[in-house]
Amino acid sequence: MLTFTIRRLVLAVPTLLFISLVIFLLLELAPGDPMAQVPLTVPPEVKERMREALGLGQPMHIRFWKWLVQFFWIEPQVLADHIFGTSFSAGDLRVISWQTRSPVMDTVIERLPQTLWVVGTAYLAGILIALPIGIYSAYRQYSWFDQIGTFVSMVGFSVPPFFSGVLVIVIFSVNLGWFPSIYDTTLKVTDWDSFLRQLQQMVLPVSVLALQVTAQISRFMRASMLDNLNQDYVRTARAKGLGEYCVVMVHVLRNSMIPVVTVIALGVPAIFGGAIITEQVFKVNGIGHLLIGAIQANDLPMVQTLTFIFAVLIVLFNLIADIAYGLLDPRIRYD
Amino acid sequence: MTERDRAAPGDGLAPASTALPGGAGPLETLAGPPRSQWLNVWDRFRRHKGAMTGAAIFALVVLAVFAGPLLWPPDATLIDIRARNTRALTACFSEGEPWGWEGPAAAMSRFFAHIGAVAQCFANPETASARISWAHPLGTDQLGRDILARMLMGGRISVSVGIAAMLLALGLGSAIGVVAGFFRRLDGPLMRLTDLFLALPLLPLLLVMMLLFREPLSGAFGPERGIFILIVCAIGVTSWMPTARIVRADVLALKEREFMLAARSIGTSDSRMITRHILPNVLSPIMVSATLGIATAIITESALSFLGLGFPPDFPTWGRLLFDATDYLQQYPERVIWPGLAISLTVLSVNYLGDGLRDALDPRGGGR
């Protein structure tokens, strides 16, 4: 198992390098000039110096290397300093945003909790709803519950979050006035009242994201249960007189969860991607919102960093899914 | 399986064998002419209710958006400022007195009064309290442009983007899948490439691509065509990976079959093997990913437009219409509903179509 894990970890490194190269090249080859916003009255030699100050003077491979160093060497040091109070990173140049002129990672760390709150709650809620639905739909295949569940998950698949989000705003905050349509990130949870308000403003974004998660995972759960329900060991379990609950919830469920767990792990980066849109709809001040803002403001270092963070999430959760699969199912370990 | 299916099982039997000269004739009387594989597929597809409904709705949507200007002639870009902010005809349902409960008799009379008011409004919208007109069944936007015409035009663009991006992704995916499966030496590198592409964060990358290449492409091809090319290429380049994987797996399985060995032994060239023997046999997974590809492409395009990074405002797509309408969410919620419903309905129908196609193309699946 250890070799399996190490092999997977080693494979992740070139993947990350490739992705960072793609992102870097994409931004590099793009036409467009960070100096375009500078007034025309600024003389060319000053412009040239500004360009160098932004680190744009050197050839491409050197800049790529510098960016890698900044991202993989200096930023972790800053994090370590922040946590342990050391001073590894004193005097090092960090990735600076063109928009705010402050380190990109500081802004990201500021915004991350909002995204994590909304996305994490939505994912958890989605999974908790999806698993029972998937199990029961498979157990009573072609029953009315199954038919409705399949239809609802198909709808959840097909309705994009920018429509379902707007729709729930129309219904629940414009017409009924139950929930606020804008997520207030300045709200601090100090007492019961503000906690209730926090809960209230989280309902709509969380339910929109959770609908998608539920649709996906309940379908997987159902298919996986169906694969197992017709197997011989189920008949054996019933034949030796086990109760129906024990057969389904212990024997079948444990085997069916193997692929579902990997799907759950693989789905995490996707839901962060989906959160970009949901954050935009509900004005949640998270990293997706930050990305859109940075794109509109042409803030390339910020865009680069955020895109790369999304890539790291994908690689990380692919790794987790692989290892989880290896742990749960010894047959696929190849060692 | 029906009686007829058993008599002529799919593609294996040569029909000539039933008419051996001097033989005793066919062992079983065939109920009709020999059936091709595709007829069987069609039979299975036809029995799938969801798929048939999906196919019908998708065909209807495509027909409506492409023949739209013939059915509904008003110009989508014509600004009629005097008719601006016309409500949709559905606003008629909120005509009449507000409802309340004051005993059954009062409720009955109120109900009929309401029906009367609604009917009156539909017959003669000019008398209604809101601005409603038969000239604009779905209303107009803040500049007085007819929303039905804009929906049709937007649908034309959205559906074209979906189909074009799907074709590009399909072409790339099947080419890479076939090459990776067929040539052992290229398998490793191409599949690693696919894995790498699968690890890319697609939505952020798409957004970045839109940001960076929008200006030069609109400069080179004009604003509309430039963005169209950009969106189609961006979606196509980032969505070929699942197709490539499925096609490769199928090609690998096909390569072990006897007919491939036979074809090889009579000296068939590689290119001929691919076009004659491989491609027709991997057609079914390609078709399934084609339908699902349209759905993803339409959603992705709408998402880009919704984030303000898609088509320019005077060139409406469903996503763009939805995005523009969110500013008027409180006063005119129906403007959000129409494009959203159109996107959802199209994607839902395509998803059902793909589902049914997958079941129909898999001969082991059996009827539902």
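From a predicted model like this one, the values you see are computed outputs, not experimental measurements.

Definitions and limits used
- Residues numbered from 1 in each chain as written.
- Chains lettered and ligands numbered in written order.
- Predicted model: local features only at pLDDT ≥ 70, side-chain atom pairs only at ≥ 80, totals over all residues.
- Heavy atoms only, no water.
- Contact = heavy atoms within 4.5 Å.
- Buried area = accessible area lost by both parts, 1.4 Å probe.
- Salt bridge = Lys/Arg side-chain N within 4 Å of Asp/Glu carboxyl O.
- Polar contact = N/O pair within 3.5 Å; in protein donor to acceptor, adjacent residues only side chain to side chain.
- Helix = DSSP H or I, 4+ residues; strand = E, 2+ residues; numbered from the N terminus.
- Buried < 20%, exposed > 50% of the residue type's maximum accessible area, 1.4 Å probe, protein only.
- Expected span 1.5 Å × (residues − 1).
- Core = buried A, V, L, I, M, F, W, Y, C linked by side-chain atoms within 4.5 Å.
- Domains from an automatic or database assignment.
- Nonpolar A, V, L, I, M, F, W, Y, C, P; charged D, E, K, R; others polar.
- Patch = residues over 30% accessible without salt bridge, like charges linked within 9 Å, V, L, I, M, F, W, Y side chains within 5 Å.
- Areas by Shrake-Rupley, 256 points an atom, 1.4 Å probe, with all protein chains shown as cover.
- Axes fitted to C-alpha atoms, helices over the stretch in contact; angles between N-to-C directions.
- Parallel < 35°, antiparallel > 145°, perpendicular 65-115°, else oblique.
- Left-handed = near helix turned anticlockwise from the far one by under 90°.
- Phe/Tyr/Trp six-rings, centres within 6.5 Å; stacked < 30°, edge-to-face > 60°.
- Lys NZ or Arg CZ within 6 Å of the ring centre and 35° of its normal.
- pLDDT = per-residue confidence, 0-100.

Draft legend 1. Seen up close, the interface of chain B and chain A. With 39 residues of chain B in contact, the opposing surface of chain A contributes 42 residues. Across the interface of chain B and chain A, roughly 3500 Å² is buried in total on both sides, 85% from carbon and sulfur atoms. For the salt bridge of Asp355 of chain B with Arg219 of chain A, the shortest nitrogen-to-oxygen distance reads 3.8 Å. In this structure, the connection of chain B to chain A is made through 1 residue pair in polar contact (both at pLDDT 80 or more). For the side of chain B that touches chain A, the elements supplying multiple residues, two or more each, are helix H6 (184-198), helix H7 (202-221), helix H12 (283-306) and helix H14 (334-361) of chain B. Of all the elements, H14 of chain B adds the most residues to the side of chain B that touches chain A, at 12 residues.

Draft legend 2. Representation of the pattern of salt bridges. Taken as a whole and assessed by the stated rule, the structure comprises 12 salt bridges over all chains. Note that Glu244 of chain A is salt-bridged to Arg238 of chain A, the shortest N-O span being 2.8 Å. The partly exposed category is assigned to Glu244 of chain A, whose relative accessible area is 32%. Note on Arg238 of chain A: relative accessible area 36%, which makes it partly exposed. Residues joined in a network through salt bridges with shared partners are Arg219 of chain A together with Asp355 and Arg358 of chain B.

Draft legend 3. Quick peek at the side chain of Thr214 of chain A. All names here are of chain A. Mapped onto the secondary structure, Thr214 falls in helix H7 (residues 192-229). On the accessibility criterion, Thr214 (11% relative accessible area) is buried. Discounting residues that sit within four places of it in the chain, Thr214 has contacts with Gly126, Ile129, Ala130 and Ile133.

Draft legend 4. Representation of the environment of Thr15 of chain A in the model. With respect to the secondary-structure elements, Thr15 of chain A resides in helix H1 (residues 2-29). Taking the relative accessible area as the measure of exposure, Thr15 of chain A reaches 16% and is therefore buried. Once residues lying within four places of it in the same chain are set aside, the contact partners of Thr15 of chain A are Val315 of chain A together with Leu196 and Ala199 of chain B. In terms of polar contacts, Thr15 of chain A uses its side chain to reach the backbone carbonyl oxygen of Leu11 of chain A, at 2.9 Å.

Draft legend 5. Structural detail: H14 of chain B. For H14 of chain B, built from 28 residues, the straight-helix expectation of 40 Å at 1.5 Å per residue is met to within 8% by its first-to-last C-alpha distance of 40 Å. When you tally the buried positions in H14 of chain B, you get 23 out of 28 residues, the bulk of the element.

Draft legend 6. Representation of the nonpolar core within the structure. The biggest cluster of nonpolar side chains holds 170 residues, and the ones touching the most others in it are Ile217 of chain A together with Leu207 and Trp318 of chain B. Looking at this core element by element, the count peaks at 16 residues for helix H5 (residues 147-182) of chain B. Looking at which domains feed residues into this core, each of domain 1 (35-97) and domain 2 (107-328) of chain A supplies at least three. Apart from the residues within four sequence positions on either side, Ile217 of chain A is in contact with Tyr123, Ile127, Ala130, Leu131, Val260 and Ile264 of chain A. Formed by 5 residues, the second largest nonpolar core is a distinct cluster that contains Leu89, Ala91, Cys121 and Ile132 of chain B.

Draft legend 7. The arrangement of the domain arrangement of chain A in detail. Residue and element names in this part refer to chain A. Each assigned domain of chain A is listed with its residue range as follows: domain 1 (35-97) and domain 2 (107-328). Counting from both sides, the interface comprises 6 residues of domain 1 and, opposite them, 6 residues of domain 2. Of the roughly 600 Å² buried between domain 1 and domain 2 on both sides combined, carbon and sulfur atoms contribute 75%. On the domain 1 side of the contact with domain 2, Trp67, Phe71 and Ser97 bury the most area, a combined 69% of that side's loss. For the interface between domain 1 and domain 2, the tally reads 0 salt bridges. Here domain 1 and domain 2 share 0 residue pairs in polar contact (both at pLDDT 80 or more) between them. Of the residues in the side of domain 1 that touches domain 2, the class split is 5 nonpolar, 1 polar and no charged.

Draft legend 8. Unusual backbone geometry, seen in detail. Residues and elements named next belong to chain A. Non-glycine residue Tyr142 carries a positive phi angle of around 65 degrees. Along the polypeptide, Tyr142 turns up in the loop between helix H4 (104-139) and helix H5 (144-158). Judged by relative accessible area, which is 47%, Tyr142 ranks as partly exposed. Of note, the phi angle at Lys283 is positive, near 55 degrees, even though the residue is not glycine.

Draft legend 9. How the structure looks around a nonpolar patch on the surface. Residue and element names in this part refer to chain A. A cluster of nonpolar side chains, contributed by Trp144, Ile148, Phe151, Val152 and Leu211, occupies part of the molecular surface with about 520 Å² of accessible area. By residue number, the principal contributor to the nonpolar patch is H5, which donates 4 residues. Along the chain, the position of Trp144 falls in helix H5. For Trp144, a relative accessible area of 66% corresponds to the exposed category.

Draft legend 10. Representation of the packing of helix H10 (residues 258-265) of chain B against helix H11 (residues 270-281) of chain B. Residue and element names in this part refer to chain B. It is at 11 Å that the axes of H10 and H11 come closest, and there the two elements cross at 160 degrees. Relative to H11, the element H10 is oriented roughly antiparallel. As H10 runs across H11, the sense of the crossing is right-handed. Where H10 approaches H11, its residues Phe259, Met260, Ala263 and Arg264 are matched on the opposing element by Asp270, Met273, His277, Ile278 and Asn281. Among the residues forming the contact of H10 with H11, the class breakdown is 5 nonpolar, 2 polar and 2 charged.

Draft legend 11. Quick peek at the packing of aromatic side chains. Per the counting criterion, the structure on display carries 11 aromatic pairs over all chains. Considering the side-chain rings of Trp144 of chain A and Phe145 of chain A, the 6.3 Å spacing of their centres and the 75 degrees angle between planes classify their relative orientation as edge-to-face. Grouped by ring-pair contacts, the aromatic residues Tyr136, Trp144 and Phe145 of chain A constitute a single cluster. Just above the ring of Phe157 of chain A sits the side chain of Arg219 of chain A; from NZ or CZ to the centre is 5.2 Å. Taking the ring centre of Tyr328 of chain B as reference, the NZ or CZ of Arg335 of chain B above it sits at 5.2 Å.

Draft legend 12. Region of interest: the confidence of the model for chain A. Overall, the prediction assigns chain A a mean pLDDT of 82, with 93% of residues at 70 or greater. When pLDDT is averaged over each element of chain A, helix H8 (residues 232-239) of chain A comes out on top at 89 and helix H2 (residues 44-53) of chain A at the bottom at 77.

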